[in-house]
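A closer look at the structure
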Amino acid sequence: MKNSLTPFFLFITTIISLFNPSTQSKVSLSITPTVLAKSGDPIRIQWSGIAEPSQLDWLGIYSPPDSDHENFIGYVFLNSSATWQSGSGSISLPLINLRSNYSLRIFRWVESEINPKKHDHDNNPLPGTAHLLAKSAEVGFGSGRVPEQIHLGFTENADEMRVMFLTGDSEERRVRYGLREDKLDDGAVARVERYEREHMCEEPANSSVGWRDPGWIHDGVMENLKKGVRYYYQVGSDAGGWSSTRSFVSRNEDSDETIAFLFGDMGTATPYSTFLRTQDESIATMKWILRDIEALGDKPAFISHIGDISYARGYSWLWDHFFTQIEPVASKVAYHVCIGNHEYNWPSQPWRPDWSVGSYGKDGGGECGVPYSLKFKMPGNSSEATGTQAPATRNLYYSFDMGAVHFVYMSTETNFLKGSNQYNFLKHDLESVNRNNTPFVVVQGHRPMYTTSNENRDAPLTERMLEHLEPLFVKNKVTLALWGHVHRYERFCPVNNFTCGSMGLEGEDWEAFPVHIVIGMAGQDWQPIWEPRPDHPTDPIFPQAKRSLYRGGEFGYTRLVATKEKLQLSYVGNHDGEVHDMVEILASGQVLSGSGDSAVDGAGARGEAEESEFSLLVKGASVLLLGAFIGYVLGFISRSRKEATPKNSWTPVKTDDV
């Protein structure tokens, strides 16, 4: 009997020793440096002594450092190191300042322990934490209380510029500014506020896995600015430290020229896997826009991001990644936003008519608009009560003038029907535009009024937009209506009630109908391409209706350049930084034919349109202007497990999610 049990006991002993760190050879885990200078700086992680290394051994990233094993912010598999099979290896990882120290932990995970009920947003199983092999010392930031996540925004007054930033405490901070980098004589105190865990509406935003301390949000306004002049500024305090000196060009009411960079649905990238898919293409979007801004010299411009901002969806550290990633751009030009479903939607949101159930779900991850409302401050005072402990939702609808264009922002997530506060604002605003000063009107919102993508769930909402808003747009001769939500670029003819109006190019009568363009292609990739794929034979085919003049399958952004005579909107692709579609509209409202008309997924994209002065500026800009940003992003994110996309290929989508 004794001999027959011996193999069984040997087997049990082997299994126990395999997963008991105390019986393994000592696993070493070290980090250098342990103090980082600023957000985004990398650490070098080294380990050794792992017996019988496995493909599933993984490194967990934790902040605060005493977080439970299950509450990591991200993870990296050790096989990303070329030497992992030896039981030793090293990787570099940039860290974002979350106002708390980090620690790293190595775990062993085996296939038999995969829990199908614990998976990420792509249904990949989340790694198990039953077998801890090693834990690192803590790593933190030496910058202490120096402000980070700096971003600019317009106020209601053309001679002002708002600057917002984040710190780890509520002590007084200021903005100091001036016309010379060495003479920042003007200043203003920044107001400060924050939100708490109990302000979140649902999981994961109010749970241990999703919530992290958001820090303190500071908001200062630079006043009495001269028109169209470069200003230099710093934010901070003598006690807590000052940021490096940044600069921007103020608005110029005397100039007819307007320059803006517009897109939706960008998100952010992370150098690790986490509970949600992140958006690597957002890096390229910011890279090319920075190129364009640097090429402008001393001309003012701004960014317009129309919904689905960070895609944090309740995992708060993704907001920190987002603001760190956009800072090289957003600290130079105003960064304007409108609300999308992924900032706001939750089941008990105040306005949720029966017909909207398919549209308004749980896309906000329990944030119920709170981070969006406090981290940005747009012009105006629009707000809607949440009906919870959370502060009112802000930044819903507003407008401002920039050069020859009147820009209007609206919310597709809150009541826009006739009689609502928002409808009344839009009606009054559009009827009050001085077309002599601003001959062009651009309206922006998140969910599209027109798209040929498969948006069946939004059909009832789209019907209401067409019923309540389209007549308002047509009557007041809106020039452009820009939308996100669909993660592709699509340009329509001048349209009213699904019917193209004549463009009058051959002398025939014409009427100035709005041109609708979907621009949700800045980073997120949950969208089928327009044509069917061999490996997805059951996917629906989305026919290109006559009213759809161009559909693109490439990530990118749009560039708007206008004078009082003409507005030009160009679609720039991330794979090459070149223009792939363009439309021109005269001040009369007449739409000139675009360069990519009737094109699908980039075919015939360049066309024969004339190059604008701005395009020539961009081509003439030195590649050295990209150096700082490229160095930043290469240090910010490194994903060795992904192959680089060839420069001149169209970027494929990953999934069929809508």
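Above this note sits the structure.
So, here's what we can say about the structure. (Residues numbered from 1 in each chain as written. Predicted model: local features only at pLDDT ≥ 70, side-chain atom pairs only at ≥ 80, totals over all residues. Heavy atoms only, no water.)

The next thing to look at is the sheet that holds strand E3 (residues 42-48). Ordered in space as E1-E3-E6, the three strands form an open sheet in which the pairing is antiparallel. Strand pairing shows two members of the sheet lacking a second neighbour, strand E1 (28-32) and strand E6 (89-94), which therefore form its edges. Here the strands of the sheet are splayed against their neighbours by 20° on average, with no regard to which way each runs. As paired elements, E3 and E6 share six bridges and run antiparallel to each other. Looking across to E6, one finds that Ile45 is bridged to Ile91. (Pairing = 2+ DSSP bridges. Helix = DSSP H or I, 4+ residues; strand = E, 2+ residues; numbered from the N terminus. Axes fitted to C-alpha atoms, helices over the stretch in contact; angles between N-to-C directions.)

As for its placement among the helices and strands, Arg313 is situated in the loop between strand E20 (302-306) and helix H3 (317-330). In this structure the side chain of Arg313 is engaged in a polar contact, spanning 3.5 Å, whose partner is the backbone oxygen of Arg277. At 3.0 Å, the side chain of Arg313 forms a polar contact with the backbone oxygen of Tyr311. (Polar contact = N/O pair within 3.5 Å; in protein donor to acceptor, adjacent residues only side chain to side chain.)

On to helix H7 (residues 459-468). Listed as buried for H7 are Leu461, Thr462, Met465, Leu466 and His468. Among the structural elements, helix H6 (421-431), helix H8 (470-475) and strand E27 (480-483) are those in contact with the buried residues of H7. (Buried < 20%, exposed > 50% of the residue type's maximum accessible area, 1.4 Å probe, protein only. Contact = heavy atoms within 4.5 Å.)

Turning next to the state of the cysteines. Inspection of every chain in the model, using the stated rule, returns two disulfides. Disulfide partner of Cys201: Cys368, at an S-S distance of 2.1 Å. Judged by the sign of its S-S torsion, about 90°, the cystine formed by Cys201 and Cys368 is right-handed. With Cys201 in the loop between strand E14 (191-193) and strand E15 (216-222) and Cys368 in the loop between helix H4 (341-344) and helix H5 (370-375), the pair connects residues that are 167 residues apart, well separated along the chain. Each disulfide pairs two cysteine sulfurs, and for Cys493 the partner residue is Cys500, the sulfurs being separated by 2.0 Å. Taking the torsion about the S-S bond as the criterion, the Cys493 to Cys500 disulfide, at about -90°, is left-handed. Cys493 sits in the buried class, given a relative accessible area of 4%. For the protein chain, the bonded cysteines connect in the pattern 1-2, 3-4 when numbered consecutively along the sequence. (Disulfide = S-S within 2.5 Å.)

Taken by themselves, the reported measurements are silent on function.
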